Every structure is written in structure tokens, then in C-alpha cells.
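Spelled out, the chains give:
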Amino acid sequence: MGVAGDDGVSQGPYAGLTVGSSQETNPVAEQTLMILADALANAKGAAGPKIPLDDFGNPTLSGQALTQALHGFMPSDQRIVANSPSGILMQNNAPYFRTATADDGMGVYEPRPLSPPGAKPPETLGAGDSPSTPNSIMPDSGNTGGKALAWGAKVSPGFQNKVAKIAGDLRTDPDYLMAVMAFETGGTFSPSIKNAKGSGATGLIQFMQTGAKPLGTTTDALAKMTAEEQLDYVARYLKPHAGKLNNLSDVYMAVLYPKAIGKPDDFVLFDKTKNPISYGQNPLDLNGDGQITKAEATSKVNAMLAQGRKKENAR
Amino acid sequence: MLDSFFRSARGACRIIPWVILILVCASARAQYPGEKDRYVQTVAGIVSITKSESAGIEGAYTVSLGAKKLLTTGDANPDKAFSDFPHIDVVRHFKRPITPFDEAILFQQYSYGNACNGSSFWVLGLNKDGSYRISKTLDFCGGPSAKVFDRKDGFVVYFPGGPPNIGKGYIPPQTWVFRNGTFVRVARK
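These figures come from a predicted structure and were not determined experimentally. Chains are numbered independently. Their residues run from 1 in the order of the written sequence. Just so you know, chain letters begin at A and ligand numbers begin at 1, following the order they were written in. This being a predicted model, a pLDDT of at least 70 is required before a residue's local features are given, and a value of 80 or more before pairs of side-chain atoms are given or counted; all residues contribute to the totals for chains, interfaces and linings. The side-chain quantities take in all heavy atoms of the structure and omit both hydrogens and water.

Q: Talk me through the overall build of chain A; I want residue IDs and the actual numbers.
A: Of regular secondary structure, chain A possesses 10 helices and five strands. Exposure is judged per residue with a 1.4 Å probe applied to protein chains only, and the accessible area is read against the type maximum: over 50% gives exposed, under 20% gives buried, and values in between give partly exposed. Per-residue burial over chain A gives 55% buried out of 315 residues. In chain A, the proportion of contacts linking residues at least 24 apart, taken out of those at least 6 apart, comes to 55%. Residue burial considers only the protein chains on display, and all accessible areas are found by Shrake-Rupley using a 1.4 Å probe. Surface exposure of chain A reaches about 12,900 Å², of which carbon and sulfur atoms provide 51%. In DSSP terms, a helix is any run of H or I states spanning at least four residues, a strand is any run of E spanning at least two, and both are numbered starting from the N terminus. In what follows, a contact means two residues having at least one pair of non-hydrogen atoms within 4.5 Å.

Q: Summarise the sheet that holds strand β6 (residues 103-110) of chain B; cite the residues concerned and give the values.
A: Residues and elements named next belong to chain B. By definition, two strands form a pair when at least two bridges between them are found by DSSP. Pairing is antiparallel across the open sheet formed by four strands, whose spatial order is β5-β6-β7-β8. The sheet is open, and its two edges are formed by β5 (87-94) and β8 (132-134), each paired on a single side. Geometrically, the sheet is characterised by an average inter-axis angle of 20° between neighbouring strands, direction not taken into account. As paired elements, β6 and strand β7 (residues 121-126) share six bridges and run antiparallel to each other. Looking across to β7, one finds that L106 is bridged to V123. Lines fitted to C-alpha atoms define the axes, with helix axes restricted to the stretch in contact, and inter-axis angles between N-to-C directions lie between 0 and 180 degrees.

Q: Summarise the pairing of β7 of chain B; cite the residues concerned and give the values.
A: For a regular strand, the rule is simple: side chains alternate between the two faces of the sheet. Residues and elements named next belong to chain B. Within β7, six of the six residues are buried, which leaves the element mostly enclosed by the surrounding structure. Across the two faces of β7 the burial is the same, with F121, V123 and G125 and W122, L124 and L126 all buried. Both β7 and β8 contribute to a ladder of three bridges, which runs antiparallel. Residue pairing for β8: L126 is matched across the bridge by Y132. Where β7 folds back onto β8 in an antiparallel hairpin, the turn is made up of five residues, including G130, whose phi is positive at roughly 90°.

Q: Kindly report on the side chain of D285 of chain A, identifying the contributing residues and their values.
A: Residues and elements named next belong to chain A. By the secondary structure assignment, D285 is in the loop between α9 (276-281) and β5 (291-293). Although D285 is buried, it forms no salt bridge, and the closest oppositely charged side chain is K272 at an N-O distance of 6.7 Å. The term polar contact refers here to a pair of N or O atoms within 3.5 Å; inside protein, the definition further demands a hydrogen-donor-capable atom paired with an acceptor-capable atom, and it admits residues adjacent in sequence only when both atoms are side-chain atoms. For D285, the side chain forms a polar contact with the side chain of Y279, separated by 2.6 Å. Within polar-contact distance, the side chain of D285 engages the backbone nitrogen of D289 at 3.3 Å. Not counting residues up to four positions away in its chain, the partners in contact with D285 are Y279, G290, Q291, I292 and E296. His is not counted, nor are the chain ends, whereas Lys and Arg count as positive and Asp and Glu as negative. By definition, a salt bridge exists where a carboxyl oxygen of Asp or Glu is found within 4 Å of a side-chain nitrogen of Lys or Arg.

Q: Explain helix α7 (residues 227-238) of chain A to me, and be specific about the residues and the numbers.
A: All names here are of chain A. A helix is expected to reach a length of 1.5 Å times the quantity of its residues less one. The end-to-end C-alpha distance of α7 is 16 Å, a good match for the 16 Å that 12 residues give at a rise of 1.5 Å each. Looking only at α7, the buried set comprises A227, Q230, L231, Y233, V234, A235, Y237 and L238. Those residues of α7 that are buried lie in contact with α3 (157-170), α4 (174-184), α6 (219-223) and α8 (248-256).

Q: Talk me through the packing of α4 of chain A against helix α10 (residues 294-308) of chain A; I want residue IDs and the actual numbers.
A: Residues and elements named next belong to chain A. In the contact formed by α4 and α10, the axes pass within 8 Å of each other and the chain directions differ by 115°. Taken as axis vectors, α4 and α10 run roughly perpendicular relative to one another. Between α4 and α10 the crossing geometry is right-handed. Seen from α4, the contacting residues are D175, Y176, A179, V180, A182 and F183; seen from α10, they are K300, V301, M304 and L305. Of the residues belonging to the contact of α4 with α10, the class tally is eight nonpolar, no polar and two charged. Here is the rule for angles: anything less than 35 degrees is roughly parallel, anything more than 145 is roughly antiparallel, 65 through 115 is roughly perpendicular, and the remaining ranges are oblique. Throughout, a crossing is termed right-handed when the near helix is turned clockwise from the far one, and left-handed when it is turned anticlockwise from it by less than a right angle. Each residue is assigned to one of three groups, with Ala, Val, Leu, Ile, Met, Phe, Trp, Tyr, Cys and Pro labelled nonpolar, Asp, Glu, Lys and Arg labelled charged, and all others, Gly among them, labelled polar.

Q: Describe the interface of chain A and chain B, with residues and values.
A: Many authors give the size of an interface as the accessible area that is lost as the parts come together. Listed as interface residues are 32 residues of chain A and, on the opposing side, 34 residues of chain B. Joining two parts hides part of their accessible area as seen by a 1.4 Å probe, and the buried area is that hidden amount summed over both. The junction of chain A with chain B conceals about 3,100 Å² of combined surface from both sides, 57% of it contributed by carbon and sulfur atoms. By the criterion of area lost to chain B, the three top residues of chain A are K197, I277 and Q281 of chain A, representing 23% of everything that side buries. When contributions to the side of chain A that touches chain B are tallied by element, the ones reaching two or more residues are α5 (209-212), α8 and α9 of chain A. No other element matches the five residues that α9 of chain A contributes to the side of chain A that touches chain B. Its residues assigned to classes, the side of chain A that touches chain B shows 17 nonpolar, 12 polar and three charged.

Q: Quick rundown of empty space enclosed by the protein? Include the residues and the values.
A: Throughout, the protein atoms alone are placed on a 1 Å grid, and a set of points is a cavity if a 1.4 Å probe fits but cannot get out or a pocket if it is open with protein on both sides within 12 Å along at least five of seven lines; lining residues have an atom within 4 Å of a point. Grid points are joined across faces, edges and corners, and a volume is the space filled by probe spheres set on the points. In the structure shown here, the tally under the stated rule is two cavities of 30 Å³ or more. In this structure, the largest cavity spans a volume of roughly 100 Å³. Along its surface, the largest cavity is lined by 14 residues, and Q281 of chain A together with F140, C141, G161 and I171 of chain B are the ones closest to its centre. Empty space within the second largest cavity amounts to approximately 40 Å³. Tallied by class, residues from the lining of the second largest cavity come to six nonpolar, three polar and no charged.

Q: Describe the confidence of the model for chain B, with residues and values.
A: As a general rule, the predicted coordinates of low-pLDDT regions are not to be interpreted in detail. Residue and element names in this part refer to chain B. Values of pLDDT, the confidence the predictor places in each residue, fall between 0 and 100. Per-residue confidence for chain B gives a mean pLDDT of 83; residues scoring 70 or more make up 76%. Per-element confidence in chain B ranges from a low mean pLDDT of 52 for helix α1 (residues 2-27) to a high of 98 for β7. Low pLDDT, under 50, characterises residues 19-30; the stretch is placed with four contacts to residues that sit more than four places away or in other chains. Scored by ipTM, the complex comes to 0.79, with pTM at 0.66.

Q: I'd love a proper account of the packing of aromatic side chains, names of residues and values included.
A: Each Phe, Tyr or Trp ring (for Trp, its six-membered ring) is paired with any other whose centre lies within 6.5 Å, and the angle between the two planes then decides the class: stacked below 30 degrees, edge-to-face above 60, tilted in between. Within the structure shown, the criterion is met by 16 aromatic pairs over all chains. Aromatic side chains F183 of chain A and Y252 of chain A sit 5.5 Å apart centroid to centroid with 90° between the ring planes, which places their arrangement in the edge-to-face category. Within this pair, whereas F183 of chain A is found in helix α4, its partner Y252 of chain A is found in helix α8, the two being separated by 69 residues in sequence. The same class applies to F183 of chain A and to Y252 of chain A, which are both buried. Look at F121 of chain B and F159 of chain B: their rings are 6.0 Å apart centre to centre, the planes differ by 25°, and that puts the pair in the stacked class.

Q: Please give an account of the state of the cysteines that cites residues and values.
A: All names here are of chain B. A pair of cysteine sulfur atoms is labelled a disulfide when the two atoms are within 2.5 Å. The full count for this structure, using the stated rule, is one disulfide over all chains. A sulfur-sulfur distance of 2.0 Å marks the disulfide that ties C116 to C141. What sets the handedness of the C116 and C141 disulfide is the S-S torsion sign, and at about -95° it is left-handed. A residue pair is termed long-range when its members are at least 10 positions apart, and C116 in the loop between β6 and β7 and C141 in the loop between β8 and β9 (147-150) qualify at 25 residues. Judged on exposure class, the residue C116 and its partner C141 are both buried.

Here you go:
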């Protein structure tokens, strides 16, 4: 029982639902899942379990329960990857879900955009679309769910695609990854850029030698890679944090100070009294109170995100 | 029929430990890969650094001398040492007297984050009679990597100093001598 046949027409419990095809990946927003649940629950002729809905037609389940309920519609060897906070796919009203058969970590996914019966095709189709895939949503270059990617104008389409896939696998927003890499590389996205202050930090997320070693590489080897190749190591570095990178500051903390992932914005990273050298090495104490909080540390990356989303930088 | 039942039960007993082992291994998958347990033969016995099964974003590690646990790091428990820089590197094993010890190991903590190019140092002093002592911590956050120099009866740890990793400013160099079991800062003239 497959989700969709090769001709893009759904089968089994998906009968009546038009399924597009795409070779690209996309994160799945929680809101998107709710649309999907709604569509599936109300699909005429659909067999199998129903998603319970409230009086307003919204699923009464949320989070993991909703995901599990949706699994009831799917073949046993496939599952939904959910909880991207971005909600970017909502903009196209084209719910996606991804299927995986084996390695859920960084394996190969086959995303399948799915529209409820009778839904209008998206108004804007990108260059990657063709008449044979009327419901697939492709941006102008790369595939980030139809939304312009922050700092996308600074990188190749291949880089964009890979970032979208990594973000999907990590269940985070690709813009967050781009903003952090923009900050770490000074906006160059150079895989060979070194920290000018002598720490030896290298590349897209300024890998330290100690961070590179467990990934089976070195900062010298990383510096010789293309940006697209180095993204594989960015993905491997961030993989242990999949599902925990729910906002920009948590993505940045994964790169800067992993202990602070999931901590509140006022969490203190460095205290001038307790950790004077660490405090001095990271002069981000904006209010001068002797403590560098998670929010203060992320402030410059926030600015990079805003800048990257400007029309001239996003693509 | 009863025989069949017992055969099935025996089969299950053989499988269950493997299932538990697989589940335990799977639970540790959320951590960074690549760190193996390490062992150092010293005059006081074998010093081991082992990765704990306990969770935490970057894991937890225990330093032991023989069967005795000396120190556990890791962010699973904020009360543990070096909760923010839980990884342990053996910088040097001094197989010679480091006054007042017969041998000493210089350790450095680090995190996979890039806030610091290596963090705090500490020393485990060891004696032939199996006794040991853990030094106070020497705070550090590179910047350029620290350098270690030998001295007749001890060693020197030098922090090169320079601009901070982020932003502007200057961090002056520091020189520390490990003397009589503790780090002593050498005043700059």
C-alpha cells in the first residue's frame, strides 16, 4: 500500500487525493499537519482511521498524538516527521509530509506535497514545476517550500536545497540555519573562512577542532571542502539536537554553547565573576550587568536573520 | 505443549537481554558520536575516562582510578563538574615527578560548541602508593590554544592572549606554573 502511485495519483486510503511529486525535501509544520489531518479525515471514500475533529472541524489532537494518528493512514514502513516551528508551508496551502523507510536521522526522504480534494493549485509555480506535477510547490531556485530562503541570494541553488533538507531533518526552520551560518561566516558562507582571532574555528559554523574530531574530520579538511560538501558535516554536527532546535537562539546555541539549548532567554552563559575568561572571550554583555545571557548572545544572529530576509538577500 | 511453552520461554529469555541492550544503545544515539573510552596506565593504577550512558546534550563522562570514580562531568546533572564543557581531553601525562606527586595528568575540558577553543584545565596528581589529588581548576577559554612547557619539577601552562573570539578587545596573556600541587600565576613585569 503506497502513499501515491508513480503517476502522482493517490491510492488506498488516499483515493481521491491528488498527490504531486518532488525529489526535494521540506520540513513539516505542525499547522501543516493539522491541515493534512483535516483533509484526510474529510476525504470522501477514505478508508482507515479518522482523525477526531471538534465542532469547528479542527483536529482535537495535537503534537505527538496527532502525528501518531496520522501514522494510522500511512504504510507501516513510513512515518511523518513533524514539528517544524516555521509554518512556512502554510503560505502555499500545500501540506507536505515526508516519508522515511529506514534511517530517520539523515536518511533519504521522499517528500510528497498533498492537497485536499478540489484544492486550487498554488498561484505561483516556480521554475522547477512542470505540467505533469500540477500541485508540487517549487521555489524559483532550491526548494524551501515556496518561501524565499534567508540569505538565499548568497548561496547556490544546491546549497539552498541541502539546507532545506537538513532543516527538515532537524525539524527546524531553514532560515535559522542560514542566519547562523551567515553570522558565523560574516555573510560569506565560505567553507574555508577561519576565525581571525586565532581560535582555529573554520567554515560555515566555525567548527572547532574539538568539534570536528568526533565527526571524523579536521578543520583543515573542512576548509578544503566545497560549501555544499561541508553542509554534510553541519548536518552531522547538529543531528544530536534534532527536534530541539525550535527557535533561532536554540540553533545558535547548538553552535556556540550546546548546554543552553532549550533553556530560557535569561539563561546565563558566562558570568564575569565565575567565568572571567569565558566572559571576556565572548564580549556579548549588552546591558553590562556582568552576565551574558542566551538572549544577549543571540542578538546579533537575530539581526542577521532580519537582514537575510530582506528582499535583496532572500531567494 | 508444555515443552513447547518452555522452549518459547527459554527463547524469550535469550532474546530479552539483547533487546534491552539495543534499547540502551538506541537511547544514547542522541549524543555526539565518536568519543571512545580512554585508559592511561599510571604509577597509581589505570586512569580511565568513560562515557556515561546518562543523557544530556553532550553526554557525561567519568574519570576513574582503578575502580574508584574520581570525577564525573556532564550537563545531565548541573551539580556535576564542568557541566557546560563536559568533554575531557588528556593534554599531557607526565611520567615523571611533578612535585609533590610521582606522576601527573593534565586534563582539559571542552565542549563541541565554539564559544571556547578549549576550556578549563585541571591536574590529577598520582603517587606510587595509589594515593591521588585533584587540583583546583584553571579557568580558560581560547582563543589561541594554550601551550604547555616542561619545568624541572613541574610544568607551565601559557595562555597566549589576543583579541576575543567575537567582537573587539584584548585578552592579555597569562602564565601559570604548576607548583607544589597547585596552579600559581606568574606576575607579568
